[in-house]
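If you want the building blocks of each chain, they are given just below.
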Amino acid sequence: MTDTLTETTAPAAAGTAPPKPRRRLSDNVVGWLEALPLTLILLCFLVAPIIMIVIVSFWTATEFSIIPAFTFENYQYLFGSSVTYRVFLATFKYALITWACTLAIGFTVAYYLAFCIRSQTVQIAMFLLCTIPFWTSNIIRMISWIPFLGRNGIANQTLIDLGLIDQPLEWLLYSDFSVILAFVHLYTLFMVVPIFNTMMRIDKSLIEAAYDNGASGIQTLIHVIIPLTKPGIMIGTIFVITLVMGDFITVRFMSGSQKANVGRLISNDISLLQYPSAAATAVVLLLTVLIVIGILLRFVNIRKEL
Amino acid sequence: MRTGQDLELVHLTKRYGDTVAVRDINHVFENGTYVCLLGPSGCGKSTTLRMIAGHETVSGGSIVLDGQDISRLAPAQRGTAMMFQSYALFPHLSVRDNVAFSLRMKGVDKTERYRAADDMLALVDMGHLADRLPAQLSGGQQQRVALARALVTKPRVLLLDEPLSALDPFLRIRVRGELKRLQRELGISFIHVTHGQDEALALADEVVVMNNAVIEQAGPARDVFGAPKTEFVARFMGGHNVIDLDGGRYALRADEVKLAEGGRPATISLVEYQGDRVAVTAQLGESEVLALVPEAEFYANPKNPGDAVGLAWDEGRLHRLQA
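Residues numbered from 1 in each chain as written. Chains lettered and ligands numbered in written order. Predicted model: local features only at pLDDT ≥ 70, side-chain atom pairs only at ≥ 80, totals over all residues.

## Thoughts on the overall build of chain B
Part 1 of the reasoning: On a plain count of helices and strands, chain B comes out with nine helices and 17 strands.
Part 2 of the reasoning: In terms of overall dimensions, chain B has a C-alpha envelope of 75 × 45 × 35 Å along the principal axes.
Part 3 of the reasoning: Counting the 323 residues in chain B, one finds 40% classified as buried.
Part 4 of the reasoning: Considering only residue pairs separated by 6 or more positions, chain B has 62% of its internal contacts joining residues 24 or more positions apart. (Helix = DSSP H or I, 4+ residues; strand = E, 2+ residues; numbered from the N terminus. Buried ≥ 20, exposed ≤ 12 C-beta atoms within 10 Å, placed from the backbone. Contact = placed C-beta atoms within 7 Å.)

Take a look at the structure:
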């Protein structure tokens, strides 16, 4: 067996082995040229702004001016204030609950699409159906919840008409509930797509093999499907967590400005022209998100998915 | 010999909408035999196997194993185990965990199921690679792990769906020898689906030739090859000529055709050297006749395409085919 292996790989290796120096140089140049446009775009629009933010986070500001400096006072203020910890905690809470809900819904939808629907045409049609909400903007989808959830909105009216409640439910709108509801609504698809993608790559005969080996439906799910779907779950998790942790507009609209997360902290600072303070918060948030992703990647190797 | 422990298909039918994949087949697979289901793709052999395994519902008829109708049982309760064409090893589990999977599903504790798995891996000579992941194994090694995983359930019938098709030709011949050896040692029935007649002849105690959703012919390998009943079987088994003579249609083994002076006059159209023998194709009236001539005999008196030649055979070797 090893003999046949080496035999098949040997000629291929021999074909590429003798290096021609001039040809390699040109390959190198071509490679760099090919990478150049994207490198420039990333440098201008990703790396440069982040460096700017880091620099500005060490500046100082008064009510009406920003003064270049090298001071830690923004960070000192940030870490010295109990508000920071509460807001970060709230941000984590939103992220965690939204993640759990989108995972539960996203996994179920993806499972249904991938395993319960036999016809590929129907599969594609239903998948496109999932993307229809994305034909409108985030804000519109978010705002459309307001007349539904409001004190005299459709939800309360219906519940009162059905006689289930006497008083309108106050917590439906401008609450953590409405914030998380909007998050789940906005971001579930980001969970569905990568999970569906990984599930479609699972060889159907693996499922049959599991049944053949006496696994029940639940056992197949736990021992075969979930382990094989982990990379997709992880990619979806990264999407949802970064989106929720970086969000400020959903929290503002859906909580009627009564709830806070880190994004709103930054946006408030900016509206008060406290750019250095906003930059410091942004740097801390960025590092927090990166640490979270770093921890997630420890659990699952998503490289084979990419 | 029927023992009552046989696997029996009774009026077994599979329909997909209007198309019939398997039409009303009846067959008894004797206990402890190596059976090959042979046929071209789309003939219903895989569907039959998958119905026996329980991965395909039965549209009509029943499957009886050991006197019990198993056609509506779950795959794991049938006493059958399946080895999949792609092997279907769980990519996230080690070789040992793959083999121990069915025991884990039953709730067997870890030491015991690992012991059983290691025994089974030793049987297929894979014990030294038990900690590897399937992706780190070659095709032949994966095949053995799949075999061990199927056998660990202690099946009465092992179902193999084109088990050799993913292997290279040399490995295929070695692995089929091992399959046969295992079947003899274990003494259980193997039902092996293949589209390769050489594989079927090499392995099978009984060959079941299927075509167009029905069984064309079943019997010991020598009987099927030596006396094909229909034109399809004669052509599919290969090595046969199908000739129209005196209003009837006959099968004639290509190695029974001799090139001889004074035989039926024909014209050679193709000569192929095949190592141990030479395949000579000749035009005899309307039909083409293939003669397999031993190499030494041919080169004693070599012929070229276009040459006239006489074809002769022993009349007793002609087999009349069913219309």
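Still more to cover.
## Some remarks on the overall build of chain A
Part 1 of the reasoning: Tallying secondary structure elements over chain A gives 14 helices and two strands in all.
Part 2 of the reasoning: What you see for chain A is a C-alpha radius of gyration of 26 Å, clearly larger than the 19 Å of a compact globule of 306 residues, by over 25%.
Part 3 of the reasoning: Oriented by its inertia axes, the alpha-carbon framework of chain A measures out at about 75 × 60 × 35 Å.
Part 4 of the reasoning: A total of 306 residues make up chain A; the buried ones form 27% of that total. (Rg over C-alpha atoms; globule rule 2.2 N^0.38 Å.)

## Overview of the interface of chain A and chain B
Part 1 of the reasoning: If you look at the interface, chain A gives 17 residues, while chain B gives 19 residues.
Part 2 of the reasoning: Within the residue set of the side of chain A that touches chain B, elements represented by two or more residues are α1 (2–16), α10 (204–212) and α11 (217–246) of chain A.
Part 3 of the reasoning: Broken down by element, the residue count for the side of chain A that touches chain B peaks at six residues, all from α10(A).
Part 4 of the reasoning: Along the lines of polarity and charge, the residues of the side of chain A that touches chain B split into nine nonpolar, five polar and three charged. (Nonpolar A, V, L, I, M, F, W, Y, C, P; charged D, E, K, R; others polar.)

## Brief notes about the environment of A:Phe107
Part 1 of the reasoning: Looking at the element boundaries, A:Phe107 is found in helix α4 (residues 82–116).
Part 2 of the reasoning: Along the sequence, A:Phe107 and A:Pro49 sit 58 residues apart, while their C-alpha atoms lie 36 Å from each other.

## A word on the pairing of strand β11 (residues 240–245) of chain B
Residue and element names in this part refer to chain B.
Part 1 of the reasoning: Pairing of β11 with strand β12 (residues 248–253) involves six bridges; the strand directions are antiparallel. Opposite His240, over in β12, you have Arg253 as the bridge partner.
Part 2 of the reasoning: Where β11 folds back on β12, the antiparallel hairpin that results is connected by two residues, among which Asp246 adopts a positive phi of roughly 45°. (Pairing = 2+ DSSP bridges.)

## Some thoughts on the sheet that holds β12(B)
All names here are of chain B.
Part 1 of the reasoning: Ordered by their spatial adjacency, three strands build an open sheet running β11-β12-β17, and the pairing between neighbours is antiparallel. At either end of the open sheet lies a strand with only one pairing partner, and these are β11 and β17 (319–320).
Part 2 of the reasoning: Here β12 runs beside β17; their pairing, made up of two bridges, is antiparallel. The residue of β17 that forms the bridge with Tyr250 is Arg320.

## Regarding the nonpolar core
All names here are of chain B.
Part 1 of the reasoning: Counting 94 residues, the largest nonpolar core has Leu159, Ile191, Val207 and Val208 as its most contacted members.
Part 2 of the reasoning: The greatest single-element share of this core, amounting to six residues, is contributed by helix α2 (residues 95–106).
Part 3 of the reasoning: Setting aside residues no more than four positions away along its own chain, Leu159 makes contact with Leu49, Ile52, Ala53, Thr80, Ala81, Met82, Met83 and Ile191. (Core = buried A, V, L, I, M, F, W, Y, C linked by C-beta atoms within 7 Å.)

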